[in-house]
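Chains, contacts and geometry: an overview
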Amino acid sequence: MLTGLKRNLSTSEIVEHAVLARKLLSTEVVPISNVVFMGMGKPLHNIENVIKVADILVDEQGLHFSPRKVTVYTSGLVPQLKPFLRESNCALVVSLNATTDEVRSWIMPINRKFNLNLLLGTLREDLQSKHKYKVLFEYRMGEPLHNIENVIKAADILLKRFLRESNCALAVSLNATTDEVRSWIMPINRTFNLNLLVGTLREELQSKHKYKVLFEYVMLAGVNDRVTFDPVIWDTLKLNRTIKWYLGKLNK
């Protein structure tokens, strides 16, 4: 029988879990390389202890994980986000799940207290002082709440607003230069094809000087290792020569 919240775990209790898990799994299965704070509770409700544990996990005298391998999930607890971003370099994942307050408040009641404007505004403000730091957004799709209109709004909020209001680096997983191949590798391309993606980048980057977008291209033998370029898409953004040069270097 569930009796509700009694108390938060202490710093030592959380660290003990990590130490025990590493000891058991490293000897019987595989070494642990990642730690994720998530579950039935909200990690940031226990913010002081979570920050202390995160410090121990990444410290050379502690468990010595990479900060990028220690991830904290949050539904958007704005007051706790500020100290976490200020005091920790561990990774952060924000559960978005909707792009309008109406839908998000229905799915995630926390949005009634900390709406999207407040959440995204806080992230934008506090990330100004963190260099080369990435926040990941989790977006779980489910009908009938997440129709195509809401998905398109997600692109508008996250991509366009990010480019307009942030100077943090943006990395785009490309992995193909034609819609046929990219849609097979990355189903999201069926909704946001290359014309839409590149067009959005081209439009929003007009006002950003000396700003670079990084393109990730993971080559799969027999799938996307033969690169072709549609000049209508690529010549306008002047990416074709850059990608051809890069792939040429790889093939030497």
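Computed from a predicted model, the values in this text were never measured in an experiment.

Rules used throughout
- Residues numbered from 1 in each chain as written.
- Predicted model: local features only at pLDDT ≥ 70, side-chain atom pairs only at ≥ 80, totals over all residues.
- Heavy atoms only, no water.
- Helix = DSSP H or I, 4+ residues; strand = E, 2+ residues; numbered from the N terminus.
- Buried < 20%, exposed > 50% of the residue type's maximum accessible area, 1.4 Å probe, protein only.
- Axes fitted to C-alpha atoms, helices over the stretch in contact; angles between N-to-C directions.
- Parallel < 35°, antiparallel > 145°, perpendicular 65-115°, else oblique.
- Left-handed = near helix turned anticlockwise from the far one by under 90°.
- Contact = heavy atoms within 4.5 Å.
- Polar contact = N/O pair within 3.5 Å; in protein donor to acceptor, adjacent residues only side chain to side chain.
- Pairing = 2+ DSSP bridges.
- Core = buried A, V, L, I, M, F, W, Y, C linked by side-chain atoms within 4.5 Å.
- pLDDT = per-residue confidence, 0-100.

A look at the environment of Leu57
Positionally, Leu57 belongs in helix 2 (residues 47-58). Residue classification places Leu57 among the buried positions, given a relative accessible area of 0%. Measuring from C-alpha to C-alpha, the distance between Leu57 and Val19 comes to 9.5 Å, with 38 residues separating the pair along the chain.

Describing the packing of helix 3 (residues 78-87) against helix 5 (residues 116-126)
For the pair helix 3 and helix 5, interaxial distance at closest approach is 10 Å and the crossing angle is 15°. Considered as vectors, helix 3 and helix 5 are oriented roughly parallel to each other. Where helix 3 crosses over helix 5, the handedness of that crossing is right-handed. Of the residues in helix 5, those touching helix 3 at Val78, Leu81, Lys82 and Leu85 are Leu118, Leu119, Thr122, Leu123, Glu125 and Asp126.

What about the side chain of Asn49?
Inspection of the secondary structure puts Asn49 in helix 2. Judged by relative accessible area, which is 18%, Asn49 ranks as buried. Polar side-chain contacts of Asn49 include one of 3.2 Å to the backbone oxygen of Leu9. In contact with Asn49, other than residues within four places in its own chain, are Leu9, Ser10 and Thr11.

Focus on the sheet that holds strand 4 (residues 135-138)
Hydrogen bonds between backbone atoms are what pair the strands of a sheet, whose relative direction is either parallel or antiparallel. Read across the sheet, four strands follow the order 1-2-3-4 without closing on themselves; strand pairing throughout is parallel. Both edges of this open sheet fall to strand 1 (35-37) and strand 4, since each of them pairs with a single strand only. Looking at each pair of strands side by side, their axes are set apart by 25° on average, direction ignored. With three bridges connecting them, strand 1 and strand 2 (residues 70-74) associate as parallel partners.

Here we look at unusual backbone geometry
You will see that His64, though not glycine, has its phi angle at about 60°, which is positive. Among the secondary structure elements, His64 is positioned in the loop between helix 2 and strand 2.

Some thoughts on the nonpolar core
Counting 31 residues, the largest nonpolar core has Phe37, Leu57, Phe84, Leu92 and Leu123 as the members making the most contacts within it. Of all elements in the fold, only helix 1 (11-28), strand 1, helix 2, strand 2, helix 3, strand 3 (91-95) and helix 5 reach the threshold of two or more residues within this core. Discounting residues that sit within four places of it in the chain, Leu123 has contacts with Leu81, Leu85, Leu92, Val94 and Phe137. Membership of the second largest hydrophobic core comes to five residues, among which are Val172, Leu197, Leu201 and Val213.

Some points on the confidence of the model for the chain
The pLDDT averaged across the chain works out to 76; a share of 69% of its residues lies at or above 70. At the low end of the mean pLDDT range in the chain sits helix 10 (residues 240-251), at 45; at the high end sits helix 2, at 94. A low-confidence stretch, residues 233-252 (pLDDT under 50), is modelled with 25 contacts involving residues beyond four sequence positions or located in other chains.

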